[in-house]
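Residue-level structure breakdown
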Amino acid sequence: MERKVVLITGCSSGIGLHLALRLAADPSGSFKGGKRAGAKDPGGVEGCLVSGDEGREDLCPRGSPNSRQSSLNSVYATLRDLGSQGPLWEGARARGCPPGSLETLQLDVTDSCSVAAARDHVTEGRVDILVCNAGRGLVGPLEAHTVEAVGSVLDVNVAGTVRTLQAFLPDMKRRRAGRVLVTGSIGGMMGLPFNAVYCASKFALEGLCESLAVLLPPFGVHRRFCTPSVSLIECGPVRTAFQEKLEGGPGGALGSTDLETRALFSRYQSHCERIFREEAQDPEDVVEVFVRALSAPRPVLRYFSTERFLPLAELRLSDPGGSQYVNAMHRAVFSEPEEGEAGSEAKGLESP
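Nothing here was measured: the structure is a model prediction, and the numbers come from that model. (Residues numbered from 1 in each chain as written. Predicted model: local features only at pLDDT ≥ 70, side-chain atom pairs only at ≥ 80, totals over all residues. Heavy atoms only, no water.)

A few words now on the packing of helix H1 (residues 14-24) against helix H2 (residues 86-94). It is at 10 Å that the axes of H1 and H2 come closest, and there the two elements cross at 35°. Considering the relative orientation of H1 and H2, their crossing is right-handed. Residues Leu17, Ala20 and Leu21 of H1 form the contact with H2, whose participating residues are Pro87, Leu88, Gly91 and Ala92. In terms of residue class, the contact of H1 with H2 is made up of six nonpolar, one polar and no charged. (Axes fitted to C-alpha atoms, helices over the stretch in contact; angles between N-to-C directions. Helix = DSSP H or I, 4+ residues; strand = E, 2+ residues; numbered from the N terminus. Left-handed = near helix turned anticlockwise from the far one by under 90°. Contact = heavy atoms within 4.5 Å. Nonpolar A, V, L, I, M, F, W, Y, C, P; charged D, E, K, R; others polar.)

The tally for this structure, following the rule as stated, stands at 12 salt bridges. In this structure, the salt-bridge partner of Glu206 is Arg302, at a minimum N-O distance of 2.8 Å. Here Glu206 is found in helix H5 (residues 196-215), whereas its partner Arg302 is found in strand E9 (residues 302-304), with 96 residues between them in sequence. (Salt bridge = Lys/Arg side-chain N within 4 Å of Asp/Glu carboxyl O.)

It is worth spelling out the environment of Leu17 at this point. Tracing the backbone shows Leu17 in helix H1. Residues Leu17 and Leu79 lie 62 residues apart in sequence; the distance between their C-alpha atoms is 9.6 Å. In this view, Leu17 contacts Gly10, Cys11, Ser12, Pro87 and Leu88; residues no more than four positions away in its chain are not counted.

Before going further, it helps to spend a moment on the packing of aromatic side chains. Per the stated rule, a full pass over the model turns up five aromatic pairs. Pairwise contacts between aromatic rings join Phe194, Phe265, Tyr268 and Phe334 into one cluster. Above the face of the Phe219 ring, Lys173 is positioned so that its terminal group lies 4.8 Å from the ring centre. (Phe/Tyr/Trp six-rings, centres within 6.5 Å; stacked < 30°, edge-to-face > 60°. Lys NZ or Arg CZ within 6 Å of the ring centre and 35° of its normal.)

Counted residue by residue, strand E8 (residues 229-235) has seven buried out of seven residues, so it is predominantly covered. For strand E7 (residues 179-185) and E8, the ladder comprises seven bridges, and the chain directions are parallel. Following the sheet pairing, Arg179 is matched in E8 by Ser229. Where E8 lies against E9, three bridges are found, and the strand directions are parallel. (Buried < 20%, exposed > 50% of the residue type's maximum accessible area, 1.4 Å probe, protein only. Pairing = 2+ DSSP bridges.)

Further remarks concern empty space enclosed by the protein. Applying the stated rule across the entire model yields one cavity of 30 Å³ or more. Empty space within the largest cavity amounts to approximately 40 Å³. Along the walls of the largest cavity sit Cys132, Asn133, Ala134, Gly135, Asn157, Thr161, Val182, Thr183, Lys202 and Leu205, which together make up its complete lining. Its residues placed into classes, the lining of the largest cavity shows four nonpolar, five polar and one charged. (1 Å grid on protein atoms, 1.4 Å probe; cavity = no way out; pocket = protein on both sides within 12 Å on 5 of 7 lines; lining within 4 Å. Points joined across faces, edges and corners; volume = space filled by probe spheres on them.)

Looking now at the nonpolar core. Within the largest apolar cluster, 33 residues are counted, with the highest numbers of intra-cluster contacts made by Ile8, Leu23, Leu102 and Phe290. Mapped by element, the contributors of at least two residues to this core are strand E1 (4-8), H1, strand E4 (73-79), H2, strand E6 (129-132), E8 and helix H7 (283-295). Judged by nonpolar contacts, the second largest core, of 27 residues, contains Val122, Ala167, Met172 and Cys209. (Core = buried A, V, L, I, M, F, W, Y, C linked by side-chain atoms within 4.5 Å.)

All right, on to the side chain of Arg22 then. Topologically, Arg22 is positioned in helix H1. Side-chain polar atoms of Arg22 contact the side chain of Glu288, separated by 2.7 Å. (Polar contact = N/O pair within 3.5 Å; in protein donor to acceptor, adjacent residues only side chain to side chain.)

Next up on the list: the side chain of Ser201. Position of Ser201 among the secondary structure elements: in helix H5. For Ser201, a relative accessible area of 0% puts it in the buried group. Not counting residues up to four positions away in its chain, the partners in contact with Ser201 are Val153, Leu154, Asn157 and Val158.

Turning our attention to unusual backbone geometry. Despite not being glycine, Arg176 has its phi angle at roughly 55°, a positive value. You can see Arg176 is positioned in the loop between helix H4 (147-175) and E7. A positive phi is found at Phe194, a non-glycine position, where the angle reads about 65°.

All right, on to the environment of Leu7 then. By the element assignment, Leu7 lies in strand E1. Residue Leu7 is classed as buried on the basis of its relative accessible area, which comes to 0%. With 67 residues separating them in the primary sequence, Leu7 and Ser74 have C-alpha atoms 8.2 Å apart. Every residue in contact with Leu7, bar those within four places of it in the chain, is listed here: Tyr76, Thr78, Leu107, Val122, Val127, Ile129, Leu130, Val131 and Phe168.

Here the focus is helix H9 (residues 323-334). For an α-helix, 3.6 residues make a turn, and residues three or four places apart therefore share a direction. Look at H9: 16 Å from first C-alpha to last across 12 residues, which is about the 16 Å you get at 1.5 Å a residue. Taken residue by residue, H9 has Tyr325, Ala328, Met329, Ala332, Val333 and Phe334 as its buried positions. As for H9, its buried residues are in contact with helix H6 (259-279) and helix H8 (310-318). (Expected span 1.5 Å × (residues − 1).)

Right under this line is the structure:
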């Protein structure tokens, strides 16, 4: 059986890290990774995971007999900073990932040369499954954000995805084969207060992926198992470090905003805390949605990690004028819930 080559961006933490581990440790063997020489462990030794004496896992030096174990697929987990790959390797050992199942590569989606270098380091010469997961958040009043923070989010979330697709999609089209998964968000399907720039970036991904989905059928969709194809994985709130890595910190420079906006932001934060406490998903659960999309013989454009936000998404589409959605969202976020209520309208409304 021909090896499948998987490359995932943004694997230092969160969904990307868990997806890489899930595919590398796949018990069915469907996504076990083969090893390309050149990866470095946190100590700087080039190698891959192998089984040592008495079940101990060590790093196998490049070129050793065990550096290429028989396997069905290659999983390349990419990170902007290889210095942050420690948790990935720790997770691989803890989960007992098979020998040669995981490869790390440096890839900064804001740098075209870095993207091209990562592509060139894939020794199989192709990527069959590309997961565009690298992303950055920005929360707070619009006027509190610096131009640099806004530019950084758009550069990573939008331009970074474009750079990655530009590097890998042409070969998929040429081969008439391949899968692209993009980490989307409910913030790309509806506007969320105090997430204006983040939502703008995720709305852009919706248009980008939908446009590509319309284009791709002549290159193989509905033939040869619907490949190449592009799918969005629409995520709700997820228990990751995403909120801790917000560009500019939570809220930005609140001192530049008026008192009423600051009061609304405080209520928004309380709403978020409740939503994450009651409705956030574990990343392992979200990863299974990615796996389902990868396994689908005829993948669709959108997969949802949760259905909690779908009623409001449908409301947004059913009222072209937008007033019904705007009013419903405002009530959901800023109205105090009744005693014993969890704010049913608001469930699942926050970005991952």
